[in-house]
Amino acid sequence: MSLAVTERNAPFLLTGPALLVFLGLVIVPLGMTVLLSFYDWGQYKGIVPEFTLKNWIEVFTDSYFFEIFMRTFRIAILVTLAAIVIGVPEAYILNRMSPAWRSAFLLVIIGPLLVSVVARTLGWALLLGSTGLVNQGLISLGVIATPLEFMFTETGVVIALIHVLIPFMILAVWASLQRLDPQIENAALSLGAGRVTIWRRVILPQIVPGILSGSIIVFALAASAFASPAIIGGRRLKVASTLAYDEFLNTLNWPLGAAVATLLLVALVLITVGSNRLIERRYAQVFE
Amino acid sequence: MSHLVLDGLTKRFGGFTAVDAMNLSVENLSVERGEFVSLLGPSGCGKTTTLQMIAGFVDVDHGGIRLDGADLVSVAPNKRGLGIVFQSYALFPHMTVAENIAFGLEMRDIAKADRDRQTLAAMELVGLKGFADRYPRRMSGGQQQRVALARALVIKPALLLLDEPLSNLDAKLREEMQSELRQIQRSVGTTTILVTHDQHEAMALSDRIVLMNQGRIEQIGAPDQVYDHPASAFVASFLGKTNVLSGTGDGQGTATIGDLVLPLPGAGKGPLQLAVRPERLTFAAAGEPGLEARILARVFQGTHWLLTADSAAGALTLMRGNDGAAVPSEGETVRLRFSAADAALLPAGVAA
Amino acid sequence: MRRNGPLALIFHGLFVVFMLAPLLIVCVVAFTPEGYLSLPTRGPSLRWFRAILDYPEFIRAFRDSLWLAALSSTIAIGLAVPAALAIARYRFPGREAITALFMSPLMVPHVVLGIAFLRFFTQIGISGSFVGLVLSHVIVVIPFALRLVLAASYGIDRRIEHAAVSLGAGTATVFRRVTLPLILPGVVSGWLLAAINSFDEVTMTVFIASPATVTLPVRMFLYIQDNIDPLIAAVSACLIAMTAILLFALDRLFGLDRLFVGSGKG
C-alpha cells in the first residue's frame, strides 16, 4: 500500500494539513497584498490591476508618511526602553520572592494579558483624560496647575503600550533569571563582590539574552500595535497601523494601504530577524 | 588555640511545613589549622546549614563562629575571605576559566600582572593548564569542578568550604577527584570543611568526621575511630553495614550473646545491644563456643561472599572472603564468633 | 535566597498599582449613577449594567465571539497536534522552515494579516462571512496551540510507545491509548490559550468583521471610536470580571506559570 504510514512519509502526512492551510491562508493572501500595492487606484475608477510604482513612490517621498513611520519607530523604541528599565528590576524582584507571593503577583502581571486590549486601553483613556484620575491627582497634590495633555499625544500612547507589553519583557527576563545557578550570587559574594558588582558583573551579563529577546518582542508588538494608538492617539496622532486602517476602511485606497502594510511587515521582519541573528552570533559560545 | 571554633551554634527553622521545622544546634566544634574535617549525615541533618552559616549565607540565631579567635558572625559574607566550592560549582558561565579564577583577585584590587600570574599558578595546581580561554559550559563536570576549586583557592582563603563538591561526578571520576582533592589540600595546607552525605567520601578524605543527625552532632572522631567505635546505633548503621546483636549483661563486666561469653567492661545488668561489623564475624571452630545462625541467602560479590543469616540475637549479615574455602549454602546452620574488641556497646534505650 | 530590600518592595508596589490601575478604574467608573463619566461618589449604581441589556448588539457580539473562539481553537488544535508530533519526533528536510512558517503569525503584524485576509476574502467572495472570521482566527491562534502541544510532545519518552507496540497495540491504538493521554495537558492548555487569544483578537478582526458578524472586542472598539461613556465601561468591567474568574480557575487547574512562562510571544 502506498498510503501506509512509514517513517519516511510520516512527517509530511502529519504536517500536510496545516501546511496546506498555511499556503492557502497565509502565503497566498500575503502575496496578493504585496501585488495589490503595485496596482493603480482612483477616486472614481477604484482598483485597477495595472502595474504601477506610484504607491511606493508616494510612501517613500511624501513627508506625511515619513513622519508617521518615524513616529511609529520612536514610540516603539520608547516603549522598549521603558519596558527594560521597569521590567528587568521587576523580574529580579519577582524572582527573589517566596513561591507563594511570586505566583500571586504572577497573576497580577500575566492577568492583564488575558484581558482584551480594548478594555485595558479604555482604562488608560479614563485615567489620562483631562479630567482623568492622573490629572486630578496631580492638580490636587499641587504638582501642576493645568491638566497635562495625555490623550492624543505620544506620551499617552507610550504609557498605554508599556502597560500592554511589559508582561512580555518580564516573562522573558524571568525565564533567563530562572536559568541562573541559584548559588551564583553566593559564589560572587564569597569571592568578595558587593551588591552592585554582583549585579553588573555576574547577573546582568547572564540575563542580557533574555532582555534582548524580550526587547525584540516588545519592539515588534509596539511597532505594529493598533488598538491602543487608535484609542489614545485618535485620528490626529497616526501610526503605521492606524494609517493602513484609514487607507483601507475610510479613504478606500487599498493599493496605498497595501503598500504601507507591506513596508511595515518588511521593516519589522528585517529588524527582528536581523537582531535575532546578531544575538545568536554574539552569545553562541557562552550560551548553548 | 583552635583555628575555627563553632560554639553553641543554633538555628531555628519555623517553616510552614513540618518538614522544614528543624532546630539545628552545633554544641562545640573546634577545627585545627590545616585540618580536613567532614560534616557527614543524611539529608536534612543540618550539615549544609552549618556550612552556610560559616559562609554567612544563612543568619545565625545564637552562638558564635570564631576564626583565629576573631568573631566571624558579624562580618559580611563578602568580607569573610572564605573559599567555597558549591555543589553546582556556580561558575560564571559568561566568563572564561581564567576570568572565573581571576574574579576574586579582581575584587581584592590585585594588579593585573599579579592577577595573571596567580591565576596561572592556580590553574596549574588543579591541572587545568591551557584551558584559560574555555567557557565553563564547554567543559566536562570534572573540569568544571577543578575550575571551581581553583577559583576558591586562588584568593588564599583562611578556610576552604566544600559543599558536596563531588556529588555531580560519576563514580570513577569521583574516586580520582577524591585522591586529587586530598593531595591538593595537603599541598596548600588550607583548613577545609567538607559537607557530604557520602560516607566513603568522608572516610577517604577527612582527618576527622563530624557525624550529624537531625540537627545535632552524634559523634566526632577520626574515620577509623568512628567506624570501629560508633557512639550510637545511628552512627553504627549510617557508617557502613553493621549488625546490632542483643544479649544480656550480668552487671559484672560480662555479656552473653547466644553461647558466647565476652568480657565487656561497662556493660550493665540486663538486656544490652552490641554493634558488630559483618567483616568481624568469623566461623567458630568445632567445639568452640559460638552464636548459632542459619544461613538465609548468599550473594557472590567477586572479592567476597555476602551472607545473610538468622540467629537468636537477631538478623545478621556477614562477609566471607573469596579465598577458595567452602562457603556455607542456604539453609545450613553455622556457629559464629567475634572478640570483645570487635564489638561496640551501644547506649541503652537507643534502637537502631 | 536573599530577601528583597524595602526599596525593591516600594518599586514592586508602584508597579503593581501601575498594572492594576487601568483595570480598576474601568470597574469603578462602571458603577457610576451619573449619565456621564465620573467616579461613583454618590454611591454605586447598577444602571449602566442594566443598560447593556438594551444594546443587543453587545450580547450578540459576545455570543459570536464565544462561538468563534471555540471553533477556531478546535480547528487549530486539530491541525497542531499532528504537526507537533511530526516536528517533535522526526528529522526531515524543511523541518525548521515549516516550524518557522507555523509560528509566523506571531511575527506578522495583525494589521497586515487583516489587510491580507480582507483582500483575499473579497477576491474569493467570502468577505464579511463567519467562515472568513473562523479561517483567519485559525491562522492567528495556531502558534499558541502548536507551541504548547510541541512542548508536551518533546517530553514523551518514545520507548513508552515502543513498549505499547511490543505489547501488540496498532498505530491507532498507540495514539489513542498512549500518545494522546500523555500530551493531553499540552493539548488542553494549548486549546485554552488559543481560545483566549481568538476571543481577544481585535486588530486583524476589525478589518474582516462586518455588521452581520462582529466580535465583542471589535464592537467595543468601534463604540469607543465614537464616544466613551459609562456604558462601555460597564461592558469592559463585565469582561474584566469574566477574565479574572477564568484566570483563577486556570491557576487552580493548571498553574499559570506552566501555561505562560516560556510561552510569551516571540
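Refer to the structure presented above.
Residues numbered from 1 in each chain as written. Chains lettered and ligands numbered in written order. Predicted model: local features only at pLDDT ≥ 70, side-chain atom pairs only at ≥ 80, totals over all residues. Heavy atoms only, no water.

## Some words on the overall build of chain B
Phase 1: The secondary structure content of chain B amounts to eight helices and 20 strands.
Phase 2: By its C-alpha atoms, chain B is 80 × 50 × 40 Å across when sized along the principal axes.
Phase 3: Burial status across chain B gives 51% buried among its 352 residues.
Phase 4: Across chain B, contacts joining residues at least 24 apart in sequence account for 66% of those joining residues at least 6 apart.
Phase 5: Total accessible area on chain B is roughly 15800 Å²; 50% of this is exposed by carbon and sulfur atoms. (Helix = DSSP H or I, 4+ residues; strand = E, 2+ residues; numbered from the N terminus. Buried < 20%, exposed > 50% of the residue type's maximum accessible area, 1.4 Å probe, protein only. Contact = heavy atoms within 4.5 Å. Areas by Shrake-Rupley, 256 points an atom, 1.4 Å probe, with all protein chains shown as cover.)

## Focus: the packing of aromatic side chains
Phase 1: Counted according to the given criterion, the structure contains 28 aromatic pairs over all chains.
Phase 2: Seen in terms of ring centroids, F12 of chain A and F92 of chain C are 5.5 Å apart; in terms of plane orientation they differ by 70°. Their pairing is edge-to-face. Of this pair, F12 of chain A sits in helix α1 (residues 10–36) while F92 of chain C sits in the loop between α3 (56–89) and α4 (95–103), placing the two residues on different chains.
Phase 3: Above the ring of F92 of chain B, the side-chain terminus of R151 of chain B is found at 4.7 Å from the ring centroid.
Phase 4: Sitting above the plane of the Y227 of chain B ring, R277 of chain B keeps its charged end 3.8 Å from the centroid. (Phe/Tyr/Trp six-rings, centres within 6.5 Å; stacked < 30°, edge-to-face > 60°. Lys NZ or Arg CZ within 6 Å of the ring centre and 35° of its normal.)

## A short note on the packing of helix α11 (residues 240–249) of chain A against helix α5 (residues 110–124) of chain C
Phase 1: The contact between α11 of chain A and α5 of chain C brings their axes to 10 Å, and the two run at 20°. For the element pair α11 of chain A / α5 of chain C, the angle class is roughly parallel. Our pair here, α11 of chain A against α5 of chain C, has a crossing hand that is left-handed. Contacts between α11 of chain A and α5 of chain C pair S241, A244, F248 and L249 of chain A from the former with V111, I115 and L118 of chain C from the latter.
Phase 2: Of the residues that constitute the contact of α11 of chain A with α5 of chain C, the class distribution is six nonpolar, one polar and no charged. (Axes fitted to C-alpha atoms, helices over the stretch in contact; angles between N-to-C directions. Parallel < 35°, antiparallel > 145°, perpendicular 65-115°, else oblique. Left-handed = near helix turned anticlockwise from the far one by under 90°. Nonpolar A, V, L, I, M, F, W, Y, C, P; charged D, E, K, R; others polar.)

## Things to note about the sheet that holds strand β3 (residues 36–40) of chain B
Hydrogen bonds along the backbone pair up the strands of a sheet, which may run parallel or antiparallel.
Residues and elements named next belong to chain B.
Phase 1: The strand order across the open sheet built from six strands is β6-β7-β8-β3-β9-β10, with neighbouring strands paired in mixed fashion. Looking at the sheet topology across the chains shown, the edges are occupied by β6 (83–85) and β10 (216–221). Shown here is a sheet whose adjacent strand axes are inclined to one another by a mean of 15°, direction ignored.
Phase 2: With respect to the sheet, helix α4 (residues 141–153) is in contact with β6 and β7 (160–163), its orientation differing from that of β6 by roughly 170°. (Pairing = 2+ DSSP bridges.)

## Looking at the pattern of salt bridges
Two side chains of opposite charge can pair, provided their charged atoms sit close to one another.
Phase 1: One pass over the full model with this rule turns up 24 salt bridges over all chains.
Phase 2: Between D7 of chain B and R66 of chain B there is a salt bridge, with the nearest N and O atoms lying 4.0 Å from each other. Of this pair, D7 of chain B sits in strand β1 (residues 4–13) while R66 of chain B sits in strand β4 (residues 62–67); the two residues are 59 residues apart in sequence, bridging distant segments of the chain.
Phase 3: We classify D7 of chain B as partly exposed; its relative accessible area is 32%.
Phase 4: Residue class for R66 of chain B comes out partly exposed when judged on its relative accessible area of 33%.
Phase 5: Notably, a salt bridge pairs R33 of chain B with D68 of chain B, separated by 2.9 Å at the nearest N-O pair. Of this pair, R33 of chain B sits in the loop between β2 (22–31) and β3 while D68 of chain B sits in the loop between β4 and β5 (70–71), placing them 35 residues apart in sequence.
Phase 6: Take R33 of chain B: its relative accessible area is 58%, and that puts it in the exposed class.
Phase 7: A network of salt bridges, in which partner residues are shared, links E67, R71, R74 and E154 of chain A. (Salt bridge = Lys/Arg side-chain N within 4 Å of Asp/Glu carboxyl O.)

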